[in-house]
There are 2 protein chains.
Amino acid sequence: MKNRSEQLVHDLGKKIVTSEFAPGDLLPKVEDASEMLKVSRTVVREALRVLSTMGLVRSNQRAGTVVLPRSDWQWWNLDVLTWVLEDDKNSDFLVHLTEVRLGLEPTAAALAAKRASDHDMSKIKHAFERLEQSIGDEKAWASADYDFHESILQASHNDLIINTVKTLRKALVNSREKTLEASKNFPESPYDSPTQEVFKRHRVIYDAIIARDEELARQKMTDLILRVKRILEKIYGFQD
Amino acid sequence: MKNRSEQLVHDLGKKIVTSEFAPGDLLPKVEDASEMLKVSRTVVREALRVLSTMGLVRSNQRAGTVVLPRSDWQWWNLDVLTWVLEDDKNSDFLVHLTEVRLGLEPTAAALAAKRASDHDMSKIKHAFERLEQSIGDEKAWASADYDFHESILQASHNDLIINTVKTLRKALVNSREKTLEASKNFPESPYDSPTQEVFKRHRVIYDAIIARDEELARQKMTDLILRVKRILEKIYGFQD
DNA sequence: AATTATTTGTCCGTATGTATG
DNA sequence: CCATACATACGGACAAATAAT
């Protein structure tokens with residue numbers, strides 16, 4: 001945390017996301033907050049501007065600064081996404097996130113199969129080989145797995161999808177410890193463990209992309225993420 | 001545009017998006033900008049905080065405020081998205097956006113088929129009936145079409161997808177005039193015109209959701225958006 | 001319909017923090 | 001280690017908008 005207003009953004013933002021401040025609530029007015037928190041009004045005002053850009057609050061003259069409904073939040077802001085994921089109350093949010101992955105990552109894989117340049121292909125190949133050599137090594141696998149998916153993503157040549165999925169993955173990594181905690185009593189982790197079986201699931205994706213078979217790449221990526229979703233639903237008892 | 005810092009955000013933000021300020025460029029320092037633009041340093045600083053939250057710039061003490069690479073931008077911020085769409089240079093960005101729709105909207109349709117409550121279903125039904133009555137009326141169709149897709153979206157019960165697609169649609173509406181301009185020399189508009197043929201495409205989606213056939217709903221929504229994508233590719237000559 | 005009170009918005013003089021040369 | 005250049009932080013004053021009276 002670099003400066004005071006960033007700190008304040010974090011404090012207030014997290015309180016909003018965890019509904020310590022609920023939508024409709026009024027935040028303390030600038031002067032009060034300034035005094036209470038022992039920071040200048042400048043700092044408070046800048047923090048409110050940031051929170052406002054995140055869609056968490058809206059300032060109105062005379063009426064004060066009010067917390068906005070969840071539908072207005074900027075979910076793809078890394079801070080917001082991380083705060084939400086860190087909050088226990090949003091356990092089914094992980095399922096929702098996975099549904100987005102289910103929408104975007106197979107699409108990205110299909111696009112990669114279509115658009116990958118020679119250079120993209122060699123990066124995917126290299127990442128895949130690292131994956132193969134990481135079977136059995138938990139830590140090495142995690143890193144290789146990340147790079148493998150990253151190389152496919154980049155090959156999609158769709159900046160919007162690349163950016164969105166990267167934000168999503170960063171947020172998941174940020175809050176991973178907590179999630180591992182929640183899942184450690186279950187036989188399967190939502191995060192890949194470096195077994196032969198899981199490796200096979202990656203191989204078919206790799207093969208499909210190399211063969212430039214868009215629909216197969218889409219299908220196999222869907223299968224991989226669907227597995228994660230099923231595990232999450234089992235863990236959190238989410239259904240319908 | 002309400003206040004001065006919002007104005008400044010718009011001015012600077014648009015200049016960054018249209019690469020009048022390119023990634024790596026240094027923005028004028030706070031005091032200079034303040035003097036040049038005849039606003040207080042407060043206003044400049046607050047604007048920079050907002051731009052920083054949008055991922056467009058990063059401020060460093062002593063080094064000044066630098067424009068960030070596109071990969072760092074917060075694409076799902078409505079302002080950023082609108083500015084990008086308004087910029088002629090990003091014509092293939094519309095295709096990228098459509099690829100995201102292709103990832104998310106069929107997913108939302110499938111989820112709607114799975115999760116829609118009775119209340120959701122009746123809203124979808126009502127929106128569909130309005131659609132049917134709007135055939136031939138350009139203006140009424142646009143509104144009914146919007147509400148039809150909105151009702152499906154809401155029935156997905158995935159806040160993240162709802163929020164993302166809504167942002168996307170708002171941005172498209174914001175910059176629609178320009179796009180219509182670009183497409184009016186072509187036989188088909190990327191936006192639905194109220195013909196029987198287009199209505200049929202909506203009917204099959206409606207039928208699939210009512211029947212709670214997830215895969216069919218996904219498929220038919222894919223078909224609908226794929227049509228838009230093909231038209232865009234024809235218009236902008238995007239390929240590979 | 002006019003006035004007032006309250007809160008954000010704006011300005012600016014000054015001081016401190018931080019990385020660079 | 002000092003000087004420089006920039007962002008960051010402080011706080012008193014006033015302007016503008018708008019909810020409440």
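All figures in this text were calculated on a predicted structure; none of them were measured in a lab.

Caption draft 1: Fine view of the protein's contact with DNA strand D. Taken together, 20 residues lie around DNA strand D, and R4(A), S40(A), R41(A), Q61(A) and R62(B) are the ones closest in. Here S40(A) contributes a backbone N or O atom positioned 2.6 Å from a phosphate oxygen of DNA strand D. At 2.6 Å from a phosphate oxygen of DNA strand D is found a side-chain nitrogen or oxygen belonging to K29(B). Looking at the surface near DNA strand D, the elements with two or more residues in it are α3 (41-53) of chain A together with α3 (41-53), β1 (57-60) and β2 (64-67) of chain B.

Caption draft 2: Quick look at the domain arrangement of chain A. Entries for chain A in the domain assignment read domain 1 (4-72) and domain 2 (91-236). On a C-alpha basis, the centroid separation for the pair domain 1 of chain A and domain 2 of chain A is 36 Å.

Caption draft 3: Geometry of the protein's contact with DNA strand C. Near DNA strand C, the surroundings consist of 21 residues, among which K29(A), R4(B), S40(B), R41(B) and Q61(B) are the closest. Considering the 4 Å shell around the protein, atoms of DNA strand C inside it are sugar or phosphate in 57% of instances. Within the contact set of DNA strand C, a base nitrogen lies 2.9 Å away from a side-chain nitrogen or oxygen of R62(A). With respect to DNA strand C, the side chain of T42(B) contributes an N or O atom lying 3.2 Å from a base nitrogen. Here the surface near DNA strand C is built from residues that sort into three nonpolar, nine polar and nine charged.

Caption draft 4: A look at the environment of K14(A). All names here are of chain A. By secondary structure assignment, the location of K14 is in helix α1 (residues 4-17). According to the relative accessible area criterion, K14 is partly exposed, its value standing at 28%. For the pair formed by K14 and T42, sequence separation is 28 residues and the distance between their alpha carbons is 20 Å. Beyond its immediate stretch of four places on either side in the chain, K14 contacts V9, W83 and E86.

Caption draft 5: Looking closely at the interface of chain A and chain B. Counting residues at the interface gives 40 residues for chain A and 40 residues for chain B. Buried area between chain A and chain B, both sides added, is near 3,600 Å², and the carbon and sulfur share of it is 48%. Among the residues chain A hides against chain B, the three largest losses belong to R49(A), W76(A) and L160(A). Together they make up 18% of the total. In this assembly, chain A and chain B are joined by six salt bridges. Between R115(A) and E99(B) there is a salt bridge, and its shortest N-O distance comes to 2.3 Å. Counting the contacts that link chain A with chain B gives 22 residue pairs in polar contact (both at pLDDT 80 or more). Counting residues per element, the ones that place at least two in the side of chain A that touches chain B are α3, β1 (57-60), α5 (91-115) and α8 (159-174) of chain A. At 11 residues, α5(A) tops the list of elements feeding residues into the side of chain A that touches chain B. Within the side of chain A that touches chain B, the residues separate by chemical class into 14 nonpolar, 14 polar and 12 charged.

Caption draft 6: A look at the environment of G64(A). All names here are of chain A. As for its position among the elements, G64 is in strand β2 (residues 64-67). Exposure remark for G64: the relative accessible area of 26% places this residue in the partly exposed category. For the pair formed by G64 and I124, sequence separation is 60 residues and the distance between their alpha carbons is 52 Å. Setting aside residues no more than four positions away along its own chain, G64 makes contact with L26, R58 and S59.

Caption draft 7: The arrangement of unusual backbone geometry in detail. Residues and elements named next belong to chain A. If you check the backbone angles, S19 has positive phi at about 55 degrees while not being a glycine. Mapped onto the elements, S19 comes out in the loop between α1 and α2 (30-37). By relative accessible area, S19 is classed as partly exposed at 40%.

Caption draft 8: Fine view of the environment of I205(A). One can find I205(A) in helix α10 (residues 196-210). Overall, I205(A) belongs to the buried group, its relative accessible area being 0%.

Caption draft 9: Quick look at the pairing of β1(A). All names here are of chain A. One ladder, built from four bridges, connects β1 with β2; its direction is antiparallel. Its bridge partner being in β2, R58 is matched across the sheet by V66. Here β1 folds back onto β2, and the loop between the two strands holds three residues, one of which, R62, carries a positive phi near 75 degrees.

Caption draft 10: Spatial organisation of the packing of α1(A) against helix α4 (residues 78-86) of chain A. Residues and elements named next belong to chain A. The N-to-C vectors of α1 and α4 enclose an angle of 50 degrees; their axes lie 9 Å apart at closest approach. Considered as vectors, α1 and α4 are oriented oblique to each other. Between α1 and α4 lies a crossing whose hand is right-handed. On α4, the residues touching V9, H10, G13, K14 and V17 of α1 are W83, V84 and E86. In terms of residue class, the contact of α1 with α4 is made up of four nonpolar, two polar and two charged.

Cut-offs applied
- Residues numbered from 1 in each chain as written.
- Chains lettered and ligands numbered in written order.
- Predicted model: local features only at pLDDT ≥ 70, side-chain atom pairs only at ≥ 80, totals over all residues.
- Heavy atoms only, no water.
- Near = heavy atom within 4 Å.
- Polar contact = N/O pair within 3.5 Å; in protein donor to acceptor, adjacent residues only side chain to side chain.
- Helix = DSSP H or I, 4+ residues; strand = E, 2+ residues; numbered from the N terminus.
- Domains from an automatic or database assignment.
- Nonpolar A, V, L, I, M, F, W, Y, C, P; charged D, E, K, R; others polar.
- Buried < 20%, exposed > 50% of the residue type's maximum accessible area, 1.4 Å probe, protein only.
- Contact = heavy atoms within 4.5 Å.
- Buried area = accessible area lost by both parts, 1.4 Å probe.
- Salt bridge = Lys/Arg side-chain N within 4 Å of Asp/Glu carboxyl O.
- Pairing = 2+ DSSP bridges.
- Axes fitted to C-alpha atoms, helices over the stretch in contact; angles between N-to-C directions.
- Parallel < 35°, antiparallel > 145°, perpendicular 65-115°, else oblique.
- Left-handed = near helix turned anticlockwise from the far one by under 90°.

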